[in-house]
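One letter stands for each residue in the lines below.
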Amino acid sequence: MPNKQTLHARPIEPGPAYEHGHLIARDLLQHIEVQLDRMVRPDNKDLRWMHVRAINLINAQLSEVAALLDETNGVRN
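Keep in mind the model is a prediction, meaning the values are calculated, not measured. (Residues numbered from 1 in each chain as written. Predicted model: local features only at pLDDT ≥ 70, side-chain atom pairs only at ≥ 80, totals over all residues. Heavy atoms only, no water.)

Novice: Whenever I open this one, the overall build of the chain confuses me. Can you help?
Specialist: When helices and strands are counted, the chain shows two helices and zero strands. Scaling as 2.2 N^0.38, a compact globule of 77 residues should have a C-alpha radius of gyration of about 11 Å, whereas the chain reaches 23 Å, well beyond that. In terms of its C-alpha atoms, the chain occupies a principal-axis envelope of roughly 85 × 30 × 20 Å. Looking at the chain as a whole, 0% of its 77 residues qualify as buried. As displayed, the chain offers around 8,000 Å² of accessible surface, 58% of which is attributable to carbon and sulfur atoms. (Helix = DSSP H or I, 4+ residues; strand = E, 2+ residues; numbered from the N terminus. Rg over C-alpha atoms; globule rule 2.2 N^0.38 Å. Buried < 20%, exposed > 50% of the residue type's maximum accessible area, 1.4 Å probe, protein only. Areas by Shrake-Rupley, 256 points an atom, 1.4 Å probe, with all protein chains shown as cover.)

As structure tokens, then:
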């Protein structure tokens, strides 16, 4: 019978994956801020109801993200 050598896997730590995800989230926040600043202004003559709809959808999605962050961090409003 041949001699078998088994490798014991080292446990994977969540720290590096969390740090990577945190950096991605921060990059996304910066991107969102830039894109919000590029959106049409309220006094722009080309402002349409589709812009209002878009900003309302953005706010709804950001509210969900904010609620998830609150829940994750144990914050109660």
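The rest of the description comes next.
Novice: Sorry if this is basic, but what is going on with helix α2 (residues 49-73) here?
Specialist: Three or four residues apart is the spacing at which side chains of an α-helix point the same way, because the helix has 3.6 residues per turn. Taking 1.5 Å as the rise per residue, α2 with 25 residues should run 36 Å; its terminal C-alpha atoms sit 36 Å apart, in good agreement. Once α2 ends, the next one or two residues include G74, with phi positive near 70°. (Expected span 1.5 Å × (residues − 1).)

Novice: In this structure, what is going on with the environment of D46? I would like to understand it.
Specialist: Tracing the backbone through its elements, the reader meets D46 in the loop between α1 (15-38) and α2. Along the backbone, D46 and D70 are 24 residues apart, and their C-alpha atoms lie at a distance of 37 Å.

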